[in-house]
Amino acid sequence: MFKVQWKIILMITVHQINAVRAQIKTWQRLEQTIAFVPTMGNLHNGHLELVKQAHQYGQKVVASIFVNPMQFGPSEDFLTYPSTLETDQQILEQVGTDLLFAPNADTIYPYGQIVQTRVEVPELSDILCGASRPGHFVGVATVVCKLLNIVQPDVAIFGEKDFQQLLIISRMVEDLNLPVEIVGIPTVREADGLAMSSRNSYLTADERNKAPNLYKILQVAAQNLGQGISKVQIEEQARLALIAAGFKPNYVSIRHAMDLTEAGPDDGDLIILAAAYLGKARLIDNIRVYVTSQ
Ligand code: PAF
């Protein structure tokens, strides 16, 4: 006697562009809407929230895992970026992903990334994270444009933790008239406030204890807005607080949330963004603040 064990495989994993297109076409013929969650893998609960939310926007949910070499600088962590495909597949399946696209670099950049046609969103890509990571957002915009063209989703979902990335992708979609709706999902945090990120795994135990201070310092800065303290002063206080908490700040900046232009003394829809190193990990976070006059 032998026991037959049935395992229902719900999620399809494909590695080739024509396989994605064939499956998407089948769904489109059945008039099913498609929501897409692009990722670089090493998934955490923040990604899972994106996938869960994607079910609100499409009848079929497609995720991608591709560690995009074009968005890493020469001295960044491309070669050590954690690759956890099997675990990621299991997790994606558990949250009801219908299709996973996991291409390799030759599939995405068949002629090599040096000669790849690029997509650049000027100005927005050159400030904040773009100023300290030259070329990063060209890499992001190029790969996201390619992924959107491959998957052709109705909606694509991105986390608000990478707020500048979200704005750049939204602008690219608008500028290039891509037929997709871009949706931002609020940052998912650990119980102590630390924004979830794949790069949190680089933190030592001691750094992990210090890491929630980034969000705490942003919260203090947010409380100070609209209290008669100048924006420059709030940014400087936050920068000094980060240094005191053991970070190496890259920037703390108060901007208009709609376009990341410098915020003036007036009220408005503002966002305080910060990037800081804690050991090997470069952490980013932000907090949105609607300032109204008293
Ligand atoms: O946010 C990310 O994980 C990446 O930048 C993205 C959007 C998947 C592009 O590689």
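Residues numbered from 1 in each chain as written. Predicted model: local features only at pLDDT ≥ 70, side-chain atom pairs only at ≥ 80, totals over all residues. Heavy atoms only, no water.

*Asks:* Please clarify how the site of the ligand should be interpreted in this entry.
*Replies:* Within the structure, the ligand sits among Pro 38, Thr 39, Met 40, Gln 71, Val 143, Val 144, Phe 158 and Gln 165. Taking Gln 71, its side chain carries an N or O atom lying 2.6 Å from an oxygen atom of the ligand. With respect to the ligand, the side chain of Gln 165 contributes an N or O atom lying 2.7 Å from an oxygen atom. About the coverage of the ligand: the protein hides 88% of its 290 Å² of free accessible area. Of all the secondary-structure elements, those providing two or more residues to the shell around the ligand are β2 (34–39) and α6 (136–151). (Near = heavy atom within 4 Å. Polar contact = N/O pair within 3.5 Å; in protein donor to acceptor, adjacent residues only side chain to side chain. Areas by Shrake-Rupley, 256 points an atom, 1.4 Å probe, with all protein chains shown as cover. Helix = DSSP H or I, 4+ residues; strand = E, 2+ residues; numbered from the N terminus.)

*Asks:* Can you help me understand the sheet that holds strand β1 (residues 12–14) in this one?
*Replies:* The sheet built from six strands is open, its strands ordered β1-β4-β3-β2-β5-β6 with parallel pairing. Strands with a single pairing partner mark the edges of an open sheet, and in this sheet they are β1 and β6 (181–185). If you compare each strand with its neighbour and ignore which way they point, the axes differ by 25° on average. In terms of strand pairing, strand β5 (residues 155–159) meets β6 through five bridges, oriented parallel. Following the sheet pairing, Ala 156 is matched in β6 by Ile 182. Together, β2, β3 (60–65), β4 (99–101) and β5 form the strand contacts of α6, whose direction differs from that of β2 by roughly 145°. (Pairing = 2+ DSSP bridges. Axes fitted to C-alpha atoms, helices over the stretch in contact; angles between N-to-C directions. Contact = heavy atoms within 4.5 Å.)

*Asks:* Just checking my understanding: could you explain the packing of α6 against helix α7 (residues 163–175) for this structure?
*Replies:* Helix-helix packing is described using two parameters, namely the angle between the two axes and the distance between the axes. At a minimum axis separation of 10 Å, α6 and α7 run at an interaxial angle of 55°. The angle between α6 and α7 places the two elements in the oblique class. Note that α6 runs across α7; the crossing there is right-handed. Where α6 abuts α7, its residues Phe 137, Val 140, Ala 141, Val 144, Cys 145 and Leu 148 lie against Gln 164, Gln 165, Ile 168, Ile 169, Met 172 and Val 173. When the residues that make up the contact of α6 with α7 are grouped by side-chain class, the tally is ten nonpolar, two polar and no charged. (Parallel < 35°, antiparallel > 145°, perpendicular 65-115°, else oblique. Left-handed = near helix turned anticlockwise from the far one by under 90°. Nonpolar A, V, L, I, M, F, W, Y, C, P; charged D, E, K, R; others polar.)

*Asks:* Before we go on, may I ask you to explain the sheet that holds strand β7 (residues 248–256) in this structure?
*Replies:* Strand pairs in the sheet, formed through backbone hydrogen bonds, run parallel or antiparallel to each other. Strands sit in the order β7-β8-β9 across an open sheet of three strands; the sheet is antiparallel. Each edge of the sheet is formed by a strand with only one pairing partner; in this case those strands are β7 and β9 (281–291). Taking the axes of each pair of neighbouring strands and ignoring which way they run, one obtains an average angle of 10° across the sheet. Looking at chain direction, β7 and strand β8 (residues 268–278) are connected through eight bridges and run antiparallel. When the bridges of β8 are listed, Tyr 251 appears paired with Ala 275.

*Asks:* Looking at this structure, I do not really get the packing of aromatic side chains. What am I missing?
*Replies:* To describe a pair of aromatic rings, you give the distance between the ring centres and the angle between the ring planes. Inspection of every chain in the model, using the stated rule, returns three aromatic pairs. On the basis of an interplanar angle of 55° and a centroid distance of 5.4 Å, the ring pair of Phe 72 and Phe 78 is categorised as tilted. Looking at Phe 72, the relative accessible area reads 10%, which means it is buried. Under the relative-accessibility criterion, Phe 78 is labelled partly exposed at 30%. Plain terms: the ring middles of Phe 72 and Tyr 81 are 5.7 Å apart, the flat faces sit at 75° to each other, and that makes the pair edge-to-face. Here the basic side chain of Arg 189 rests over the ring of Tyr 215, its NZ or CZ set 3.4 Å away from the ring centre. Positioned above the aromatic ring of Tyr 202, the side-chain terminus of Lys 280 is 5.5 Å from the ring centre. (Phe/Tyr/Trp six-rings, centres within 6.5 Å; stacked < 30°, edge-to-face > 60°. Buried < 20%, exposed > 50% of the residue type's maximum accessible area, 1.4 Å probe, protein only. Lys NZ or Arg CZ within 6 Å of the ring centre and 35° of its normal.)

*Asks:* What is the right way to read a nonpolar patch on the surface from this model?
*Replies:* A cluster of nonpolar side chains, namely Tyr 111, Ile 114 and Val 115, defines an oily patch on the protein surface of about 450 Å² accessible area. Residue placement: Tyr 111 occurs in the loop between α4 (105–108) and α5 (129–132). Residue classification places Tyr 111 among the exposed positions, given a relative accessible area of 75%. (Patch = residues over 30% accessible without salt bridge, like charges linked within 9 Å, V, L, I, M, F, W, Y side chains within 5 Å. Salt bridge = Lys/Arg side-chain N within 4 Å of Asp/Glu carboxyl O.)

*Asks:* Explanation requested: the environment of Phe 66 in the structure shown.
*Replies:* For Phe 66, the position within the fold is in the loop between β3 and α3 (85–94). Taking the C-alpha atoms as reference, Phe 66 lies 14 Å from Leu 92; in sequence the two are 26 residues apart.

*Asks:* Any chance you could explain helix α1 (residues 17–29) here in plain terms?
*Replies:* Note that an α-helix has 3.6 residues per turn; residues three or four places apart therefore point the same way. In this model, α1 (13 residues) spans 18 Å end to end at C-alpha, consistent with the 18 Å of a helix rising 1.5 Å per residue. Every buried residue of α1 is accounted for by Val 20, Ile 24 and Trp 27. Down the axis, α1 shows its buried residues gathered within 55° of arc, on one side only. In α1, the exposed residues that point more than 90 degrees away from the buried face are Asn 18 and Arg 29. Positive phi shows up at Glu 31, right after α1, with a value of about 60°. (Expected span 1.5 Å × (residues − 1). Arc of directions from axis to C-beta.)

*Asks:* Is there a simple way to think about the nonpolar core in this case?
*Replies:* If you look at soluble globular proteins, the nonpolar side chains tend to sit buried side by side. Ranked by internal contacts, the top residues of the largest apolar core, which has 47 residues, are Leu 148 and Met 172. Put simply, the parts of the chain that give this core at least two residues each are α1, β2, β4, α6, β5, α7 and β8. The contacts of Met 172, once residues within four sequence positions are left out, are Val 119, Val 121, Ala 141, Val 144, Cys 145, Leu 148 and Leu 178. In terms of nonpolar packing, the next biggest core, distinct from the first, is built from 32 residues, Met 40, Ala 211, Ala 222 and Ala 276 among them. (Core = buried A, V, L, I, M, F, W, Y, C linked by side-chain atoms within 4.5 Å.)

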